[in-house]
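If you want the building blocks of each chain, they are given just below.
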Amino acid sequence: MLERMTFFARLYNVNDNAQSGMWMLYGTIIILSILVYNLGFARKLPLLQNIIIYILLVLGCTILTFFAVFLPVAEGLVVVAIVLGIYKLRLHQAKKQQA
């Protein structure tokens, strides 16, 4: 079973210490999801709407955490965060050159 687990699941020892490993995996997925949301999709919204979005994001991450033990959910979020970060950096540089 250990060889079927993803990198982050093995890193957090989900097979040996399931409770703390799953909480760390959950926290990782929440942080990466918030990062991806802010890099790619976030807009200026009123405070109440932001709170609702983040609550729903955290609830959705609960389901993703169970999939992340055997499917590369966190790894995919890392790749998406890198790609969106590069995109934002290039966009910022292009706007700076135009100005």
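Numbers given for residues are sequential positions, taken from 1 along each chain in its written order. Where totals are concerned, whole chains, interfaces and linings use all residues; where local detail is concerned, this predicted model gives features only for residues with pLDDT of at least 70, and gives and counts side-chain atom pairs only at 80 or more. Computation of side-chain values covers all heavy atoms of the structure but excludes hydrogens and water.

## Things to note about the overall build of the chain
Think of it this way: any DSSP run of H or I at least four residues long counts as a helix, any run of E at least two long counts as a strand, and we number them from the N terminus. Across its full length, the chain holds four helices and zero strands. Mapped in sequence order, the helices and strands of the chain form the string α-α-α-α. Restricting the calculation to C-alpha atoms gives the radius of gyration, and the globule rule supplies 2.2 Å times the number of residues raised to the power 0.38. Here the C-alpha radius of gyration of the chain, 16 Å, is well above what a compact globule of 99 residues would show, namely 13 Å. Across its three principal axes, the chain shows a C-alpha extent of roughly 55 × 30 × 15 Å. Counting the 99 residues in the chain, one finds 28% classified as buried. Residue pairs in contact within the chain that sit at least 24 positions apart in sequence constitute 70% of those at least 6 positions apart. Computed with the Shrake-Rupley method and a 1.4 Å probe, the accessible areas treat only the protein chains shown as cover for residues. With an accessible surface of roughly 7,200 Å², the chain has 70% of that area assigned to carbon and sulfur atoms. Note on exposure labels: buried denotes an accessible area under 20% of the residue type's maximum, exposed denotes more than 50%, and partly exposed covers the range between, all computed with a 1.4 Å probe on protein chains only. Whether two residues touch is decided by their heavy atoms; if any such pair falls within 4.5 Å, the residues are in contact.

## Side note on the packing of aromatic side chains
Put simply, two rings from Phe, Tyr or Trp (the six-membered ring, in Trp's case) pair if the centres are within 6.5 Å, and we call them stacked under 30 degrees between planes, edge-to-face over 60, tilted for the rest. Enumeration over the complete set of coordinates arrives at four aromatic pairs. Pairing Phe7 with Phe8 gives two aromatic rings, centres 5.3 Å apart and planes at 75°, and the pair type is edge-to-face. Residue class for Phe8 comes out buried when judged on its relative accessible area of 12%. Seen from their ring centres, Tyr37 and Tyr54 are 5.8 Å apart, and the 85° between their planes marks the pair as edge-to-face. Residue Tyr37 is located in helix H2 (residues 18-40), and its partner Tyr54 is located in helix H3 (residues 47-67); the two are separated by 17 residues in the primary sequence. Assessed through its relative accessible area of 26%, Tyr54 is described here as partly exposed. Chaining the aromatic ring pairs together yields one cluster made of Phe7, Phe8 and Tyr12. Above the face of the Phe70 ring, Arg4 is positioned so that its terminal group lies 4.9 Å from the ring centre. Two conditions define a charge located above a ring, namely a distance within 6 Å from the ring centre to NZ of Lys or CZ of Arg, and an angle within 35 degrees of the ring normal.

## Quick look at the nonpolar core
The nonpolar core is taken to be a set of buried Ala, Val, Leu, Ile, Met, Phe, Trp, Tyr and Cys residues, with the residues joined through side-chain atoms within 4.5 Å. Membership of the largest hydrophobic core comes to 21 residues, with the highest contact counts inside it found for Val14, Leu25, Ile29, Val69 and Leu77. Of all elements in the fold, only helix H1 (7-11), H2 and helix H4 (73-98) reach the threshold of two or more residues within this core. Tallying contributions element by element places H2 first for this core, with eight residues. The contacts of Val69, once residues within four sequence positions are left out, are Arg4, Met5, Thr6, Ala9, Val14, Met22 and Leu25.

## Focus: the packing of H2 against H4
The axes of two packed helices give the description: the angle between them and the distance between them. Inter-axis angles, ranging from 0 to 180 degrees, are taken between N-to-C directions of lines fitted to C-alpha atoms, where helices are fitted over the stretch in contact. Taken N-terminus to C-terminus, the directions of H2 and H4 make an angle of 30°; their axes are 9 Å apart at the nearest point. The angle between H2 and H4 falls in the class roughly parallel. Judged by the sense of rotation from one axis to the other, the crossing of H2 with H4 is left-handed. Residues Ile29, Leu32, Ser33, Leu35, Val36, Leu39 and Gly40 of H2 form the contact with H4, whose own contacting residues are Val73, Ala74, Leu77, Val78, Val80, Ala81, Leu84, Gly85 and Lys88. Under this grouping Gly is polar, as are all residues other than the nonpolar Ala, Val, Leu, Ile, Met, Phe, Trp, Tyr, Cys and Pro and the charged Asp, Glu, Lys and Arg. Residue composition of the contact of H2 with H4, grouped by class: twelve nonpolar, three polar and one charged. The scheme is simple: roughly parallel for angles under 35 degrees, roughly antiparallel for over 145, roughly perpendicular for 65 to 115, oblique for anything else. The crossing is said to be left-handed when, going from far helix to near helix, the turn is anticlockwise and less than a right angle, and right-handed when the turn is clockwise.

## Focus: the side chain of Thr6
Checked against the element boundaries, Thr6 lands in the segment before H1. You can call Thr6 buried: its relative accessible area is 8%. Ignoring sequence-local partners within four residues, the contact set of Thr6 consists of Ala68, Val69, Phe70, Leu71, Pro72 and Glu75.

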